[in-house]
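Observations on the three-dimensional arrangement
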Amino acid sequence: MRSLIDIKDLSVKELDELCKTACDIIKHPKKYAHACEGKKLATLFFEPSTRTRLSFTAAMMELGGNVLGFSEATSSSSAKGESVSDTCKVVSNFADIIAIRHPKDGAGLVAALAANVPVINAGDGMHAHPTQTLADLLTIYREKGGFNNLTIGMCGDLKYGRTVHSLTLAMSRYKNIKLVLISPKELKMPDYVINDIIKKNHMKYKEVTSLEDNIKDLDILYMTRIQRERFFDQKEYERLKNSYVLTVDKLKKAKKSLRILHPLPRVNEISVKVDDDPRAAYFRQTLNGKYIRMALILKLLALAKKNPKKEPLYDKKKVRYDLKCKNPRCISGIEQEHEHKFVPTNKKGEFKCIYCEQKH
Ligand code: CP
């Protein structure tokens, strides 16, 4: 049995297989209409969501399965202080697979450690949102015909945006990818992404502040929202929130073959007038999210049927208990029952928190 906590849990071969299954579902929906009959998906959403929760729901329904769950923390017993672990142990008795969204970094791993069914991380704080990356990849695959030889602009909040971090990681596995990282200096891509993903994988990249000056070079423009909910300082949010607005005028300089992606929701970073441009792929991306989640549910349920024993989620033999995670958003510092646990990274003398992956 396997869970999906981070996009790196899937090999390139598995990503390709998921995209191919999703394309087959699009072509032959009837073939899959009863594939999950008698199965239940639990959607445990401790944080707001439109696309992710409803596309998981639609995905399971279109596979012939059923869905149960909650859409806000206040309507679950977490409002009475129940932990993520206990919630997932309980829900394992009612469902065959769980999709969880939670505001704390590392909640996805906590859920997978506790549950007796496969867990899909549907977004854990600033840490990871792997099914969004799957939706992004399927969109690139369908719009561009493959993943190699692309110049990808990532624009907006590159600091707090978990989607751009995961997409960078996913694209680092393909050939001849150039990244143009467009952000205000306050929201630039974190050093750990630059050093541990981009430089380590010898990806070409540049960091710039102007969208207008760079749009002409791009095959993909991945716009992101400046996320109010990730800022500790609201004045800083107000100052930065309108840093980038993609307009019809700015698009005049872009290639005809450009595709514009956005994980959505958008606030005002893409003018609504851009929606009618055929290069705007963000609503198609949302639909792709449903198909790739269908493919993922099928895969994880098939693996659980083949081998109900849980695959290890970290190397227990290498754990250190003497280090403390300094990430204030990490679940290990909030839910008392999770001991601080660190495992070695590939870098000599460096360790990372098993939950949020913050380095020490
Ligand atoms: N992209 C995304 O995760 O959207 P929701 O927050 O609406 O699920």
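Reading the values: the criteria
- Residues numbered from 1 in each chain as written.
- Predicted model: local features only at pLDDT ≥ 70, side-chain atom pairs only at ≥ 80, totals over all residues.
- Helix = DSSP H or I, 4+ residues; strand = E, 2+ residues; numbered from the N terminus.
- Rg over C-alpha atoms; globule rule 2.2 N^0.38 Å.
- Buried ≥ 20, exposed ≤ 12 C-beta atoms within 10 Å, placed from the backbone.
- Contact = placed C-beta atoms within 7 Å.
- Domains from an automatic or database assignment.
- Nonpolar A, V, L, I, M, F, W, Y, C, P; charged D, E, K, R; others polar.
- Pairing = 2+ DSSP bridges.
- Axes fitted to C-alpha atoms, helices over the stretch in contact; angles between N-to-C directions.
- Core = buried A, V, L, I, M, F, W, Y, C linked by C-beta atoms within 7 Å.
- Parallel < 35°, antiparallel > 145°, perpendicular 65-115°, else oblique.
- Left-handed = near helix turned anticlockwise from the far one by under 90°.
- Right-handed = clockwise from strand over helix to strand, strands pointing away.

Quick look at the overall build of the protein
Across its full length, the protein carries eleven helices and eleven strands. The globule rule puts the C-alpha radius of gyration for 360 residues at 21 Å, and the 20 Å found for the protein is close to it. Here the C-alpha coordinates of the protein stretch approximately 55 × 55 × 40 Å along the principal axes. A buried classification covers 45% of the 360 residues belonging to the protein. Within the protein, counting contacts between residues at least 6 apart in sequence, those at least 24 apart form 73% of the total.

So, the domain arrangement of the protein
Partitioning the protein into domains gives domain 1 (7-129 + 287-306), domain 2 (131-286) and domain 3 (314-360). A separation of 25 Å is found between the C-alpha centroids of domain 1 and domain 3. Taken together, the contacts link twelve residues of domain 1 with 13 residues of domain 3. Taken together, the elements giving at least two residues each to the side of domain 1 that touches domain 3 come down to helix H4 (84-91) and helix H5 (107-114). For the side of domain 1 that touches domain 3, the leading source of residues is H5, giving three residues. Its residues assigned to classes, the side of domain 1 that touches domain 3 shows five nonpolar, five polar and two charged.

Looking at the sheet that holds strand S4 (residues 119-124)
Strand order in the open sheet formed by four strands is S2-S1-S3-S4, and the pairing between neighbours is parallel. Whereas interior strands pair on both sides, the edge strands pair on one side only; in this sheet they are strand S2 (66-70) and S4. Sheet twist, expressed as the average angle between the axes of neighbouring strands with direction ignored, equals 15 degrees. Sheet topology note: the strand S3 (residues 97-102)/S4 ladder contains four bridges and is parallel. Residue alanine 99 lies in a different strand from S4, and its bridge partner there is isoleucine 120.

Notes on the sheet that holds strand S6 (residues 178-182)
Judged by pairing direction, the sheet is parallel, and its five strands sit side by side in the order S7-S6-S5-S8-S9 without closing on themselves. Both outer strands of the open sheet, strand S7 (204-208) and strand S9 (259-261), are each paired with one neighbouring strand and no more. Put simply, the sheet's adjacent strands are angled 15 degrees from each other on average, direction ignored. When strand S5 (residues 151-155) meets strand S8 (residues 220-223), the two strands line up parallel, connected through four bridges. Bridged to methionine 154 within S8 is tyrosine 222.

A short note on the nonpolar core
Among the nonpolar cores identified, the biggest contains 98 residues, and Ile98, Ala111, Tyr222 and Ile297 are the most heavily contacted of them. Ranked by residue count, the leading element in this core is helix H11 (residues 282-306), at eight residues. If sequence neighbours within four positions are ignored, isoleucine 297 has contacts with Cys36, Leu41, Ala59, Met60, Leu63 and Ile97.

Considering the packing of helix H7 (residues 162-171) against helix H8 (residues 191-199)
Relative orientation of the contacting elements H7 and H8 amounts to 20 degrees, with a least axis distance of 9 Å. The angle between H7 and H8 falls in the class roughly parallel. Viewed along their axes, H7 and H8 form a crossing whose handedness is right-handed. Along the contact surface, H7 presents His165, Thr168 and Leu169, while H8 presents Val193, Ile197 and Ile198. A per-class count over the contact of H7 with H8 returns four nonpolar, two polar and no charged.

Quick notes on unusual backbone geometry
Each neighbour pair has its own omega, and for leucine 264 with proline 265 the value is 5 degrees, a cis peptide bond. Within the secondary structure layout, proline 265 lies in the loop between S9 and H11. The phi angle at leucine 264 is positive, at roughly 60 degrees, despite the residue not being glycine. Note that leucine 264 resides in the loop between S9 and H11. A residue is classified by how many C-beta atoms lie within 10 Å of it, and leucine 264, with 18 of them, is partly exposed. Although it is not a glycine, glutamate 357 sits at a positive phi angle of roughly 70 degrees. With respect to the helices and strands, the residue glutamate 357 is situated in the segment after strand S11 (351-353).

Some thoughts on H7
In terms of residue burial, H7 counts as a mostly covered element, since ten of its ten residues are buried. Structurally, H7 contributes buried residues whose contacts are with helix H6 (130-144), S5, S6, H8 and S8.

Re the packing of helix H3 (residues 51-62) against H11
The geometry of H3 relative to H11 is characterised by a closest axis approach of 8 Å and an angle of 55 degrees between their N-to-C directions. With respect to H11, the element H3 is oriented oblique. With respect to the hand of their crossing, H3 and H11 are arranged in right-handed fashion. On the side of H3, the interface is formed by Arg51, Ser55, Phe56, Ala58, Ala59, Met60 and Glu62, while H11 contributes Thr286, Gly289, Lys290, Arg293, Met294 and Ile297. Considered class by class, the residues forming the contact of H3 with H11 number six nonpolar, three polar and four charged.

Quick notes on the pairing of S2
Relative to S2, strand S1 (residues 40-45) is paired through five bridges, and the arrangement is parallel. Along S2, the bridge assignment pairs alanine 42 with leucine 68. Regarding topology, H3 serves as the crossover connection from S1 to the parallel S2, and that connection is right-handed.

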